[in-house]
Amino acid sequence: MTRNCSYDDDDVTYEKILSSFLESTTSWIRCDHEDSENEIVNLGTDDANEIDHGGFDNIQRVFFGSGLRFWLHRLLFLDALSYLSHGQLSISLNRYILVDVDDIFVGERGTRLRREDVQALLDTQERIQSLVPGFKFNLGFSGKYFHHGNPEENLGDDMLLRNVNKFNWFSHMWNHQQPHLYENQTQLEFDMLLNKNFGKEHGIPTDSGYSVAPHHSGVYPVHEALYAAWKKIWNIKVTSTEEYPHLRPARLRRGFIHRNIMVLPRQTCGLFTHTIMIDRYPGGREKLDESIQGGELFQTVVYNPINIFMSHMSNYGNDRLALYTFESVIKFLRCWTNLKLTSAPPHALAEKYFSMYPEETDPVWGNPCQDPRHKKIWSHNKTCDQLPKFLVIGPQKTGTTALYTFLSMHPNISSNIHSPETFEEIQFFNGRNYYRGLSWYMDFFPASKNTTSQYFEKSATYFDGEMVPKRAHALLPQAKLVTILISPAKRAYSWYQHMRSHQDPVALNYTFYDVITAIDSSPKPLRDLRNRCLNPGRYSQHLERWLLYYPQQQLHIIDGEQLRLSPIEIMDQLQKFIKIVPLYDYNTHLRYV
Ligand SMILES: Nc1ncnc2c1ncn2[C@@H]1O[C@H](COP(=O)(O)OS(=O)(=O)O)[C@@H](OP(=O)(O)O)[C@H]1O
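Residues numbered from 1 in each chain as written. Predicted model: local features only at pLDDT ≥ 70, side-chain atom pairs only at ≥ 80, totals over all residues. Heavy atoms only, no water.

Peer 1: Account for the overall build of the chain, naming residues and giving values.
Peer 2: Scanning the chain for helices and strands turns up 21 helices and 17 strands. Over its C-alpha atoms, taken along the principal directions, the chain stretches across nearly 90 × 75 × 45 Å. In the chain, 76% of the contacts between residues at least 6 apart in sequence involve partners at least 24 apart. Total accessible area computed for the chain in this model is approximately 27500 Å², and 52% of it derives from carbon and sulfur atoms. (Helix = DSSP H or I, 4+ residues; strand = E, 2+ residues; numbered from the N terminus. Contact = heavy atoms within 4.5 Å. Areas by Shrake-Rupley, 256 points an atom, 1.4 Å probe, with all protein chains shown as cover.)

If you want it as structure tokens, here you go:
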């Protein structure tokens, strides 16, 4: 295929990729390239990519003869989707880029910025600004390490401060300490304050509302003390991490909001603290250029509307690989795509991100013990034994309290400690408690020395909670689930009686028949009661949702009538299901009366 946009062909049914979709303003591939007039770009074999106008069957097709491994083919594929769907399947061409330079003063002597490096930083920034409106390097500072270089490097520090207004700034930790190592919030606040005072004394703006934690520590898995101290000392509104939900695969990184702090996904540019010289870059310059020219870094920008890049100060000194990398990839993007590159401060990017992906607002708490990286940056006071091994999920009015009592009799089974609000039930995975975070949940399960003991949690509203299976599975994928079922009609009636005994005015004023036959035009309170009577009883619907996440071997269904009539037998079966040892002899403790 030629890249010359005036490509023409005599064949009316099949032709090489149509000029029209490359000429369109929404096209990904840029055709007005300076030297494109006579340029021929080979996109694979000669007839690798063709369009069929649908002359025979009225269905237009684009053929990709040699797959999508070549980067230009991928762009072409996006263009093809857009072209064939008449714009319905097209993604915006706007791309935001923010480059964080973490640890602007932190680095071993001999690897830090000298004045020439700072000048290069300023010069490159200026050139990038002409390609990416609004672009400024975003410098993260840990004040304790200011002037900790050799004399030349200390002059570099001074030059950064002389140019303080040319950059954006954000706070790192004062001493570059990982926040999850602070158990004491007061100490964390104290150290944050030191950094803030340093910033003020040196004319560094302290109002960006953005911060980044060293090594992602405390951001995810969440360290509550960090969020609280960030809010209090810095009024932080935005942060970013590579760790949510996991570092890899990078394309699945997402954002979430916790305690009103917006956590944005962060992209990796391929440069790390130790890759400061090109000969230490894995694979050398060839590999770096591969990443820039259509490879991983290029595609990161292509596929992410908002890009916050992670880079370190040492990448800007030495061989200045970061300057080379960012300027080159931006130029390459500008040369080969119609992407519109801009930059904006973190808060604006965060607002934009969550308006684009509102479904990411709610976090999904994963299990830190299932990711070795997360375990490393998790409070040392926490252990995964502080989580339940099985859940009694309800539904309500099926005998869950009786089952809870029987289980609690077992010497090696413990429930959570009671909640002041919801008593024996924590009700974490449904409702607002979930937003209180994992630490809040784990505090209900104090660390125990008895390793053979099993924690369980009973919350009868879990059964029919829309979000519960997904959330429970994210945190407790190995957990066993116990549900009790009785006739849905009996359950509905039991709930109605329950509400009457709690003096619910609707239940008192209407008969059970009135409630369950309420129609959509009935008063809302009546419909609400009807829903609470009937909806949890739609057993198959709720069980199907649980089984989307958990294998059926992890689910144990108890017949509620049997629990009433033969509790000993039921408890023996349950003990075997949860594999608890020793087996407790309920025969000597329970009797059906
Ligand atoms: N041992 C035993 N086995 C089976 N069922 C029993 C048992 N003990 C009590 N019950 C009946 O369970 C009903 C209360 O269920 P829950 O404890 O799940 O109710 S709640 O959701 O916690 O309010 C409640 O039903 P109703 O009598 O219809 O209200 C209890 O009678």
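Don't stop here, the text continues.
Peer 1: Describe the UniProt feature "domain: Sulfotransferase" (unreviewed entry) in the chain, with residues and values.
Peer 2: UniProt marks residues 388-581 with the feature "domain: Sulfotransferase" (unreviewed entry), using the numbering shown here. Annotated as 45% helix and 12% strand, the span residues 388-581 places its first and last C-alpha atoms 16 Å apart. (UniProt positions renumbered as here; feature names shortened; annotations may be inferred.)

Peer 1: Hey, could you go over the site of the ligand for me, with residue numbers and the actual values?
Peer 2: Close to the ligand lie 13 residues; K397, G399, T400, T401 and S494 are nearest. Here an oxygen atom of the ligand sits 2.9 Å away from a polar atom, N or O, in the main chain of K397. The contact in question runs from an oxygen atom of the ligand to an N or O atom on the backbone of T398, over 3.2 Å. Alone, the ligand offers 640 Å² of accessible surface; in the complex the protein occludes 68% of this. Contributing elements (two or more residues each) for the shell around the ligand: helix 12 (400-409), helix 15 (488-501) and helix 20 (560-565). Ranked by residues supplied to the shell around the ligand, first place goes to helix 12 with four residues. Tallied by class, the residues present in the shell around the ligand amount to three nonpolar, eight polar and two charged. (Near = heavy atom within 4 Å. Polar contact = N/O pair within 3.5 Å; in protein donor to acceptor, adjacent residues only side chain to side chain. Nonpolar A, V, L, I, M, F, W, Y, C, P; charged D, E, K, R; others polar.)

Peer 1: Go over unusual backbone geometry with me, naming the residues and quoting the values.
Peer 2: Residues Y220 and P221 are joined by a peptide bond in cis, for which omega reads 0°. For the bond running from G394 to P395, omega is 0°, close enough to zero to count as cis. Mapping P395 onto the fold places it in the loop between strand 13 (390-394) and helix 12. The phi dihedral of R320 falls on the positive side, at around 50°, and the residue is not glycine. Take R320: it is sitting in the loop between strand 11 (306-312) and helix 9 (321-336). Residues other than glycine seldom take positive phi values, yet Q503 does so here, at roughly 60°.

Peer 1: Give me the UniProt feature "active site" (unreviewed entry) in the chain: which residues, what numbers.
Peer 2: The residues that UniProt annotates with the feature "active site" (unreviewed entry) are K397. Turning to its location among the elements, K397 is positioned in the loop between strand 13 and helix 12.

Peer 1: Could you give an account of the pattern of salt bridges, with specific residues and numbers?
Peer 2: Following the criterion strictly, the structure yields 24 salt bridges and no others. As a salt-bridge pair, E243 and R373 come within 2.5 Å of each other at their nearest N and O atoms. Of this pair, E243 sits in the loop between strand 7 (238-241) and strand 8 (256-258) while R373 sits in helix 11 (residues 372-376), and the two are 130 residues apart along the sequence. (Salt bridge = Lys/Arg side-chain N within 4 Å of Asp/Glu carboxyl O.)

Peer 1: I'd like to hear about the environment of Y493, residue by residue, with values.
Peer 2: In this fold, Y493 is placed in helix 15. Residues Y493 and I278, spaced 215 residues apart in sequence, show a C-alpha to C-alpha distance of 74 Å.

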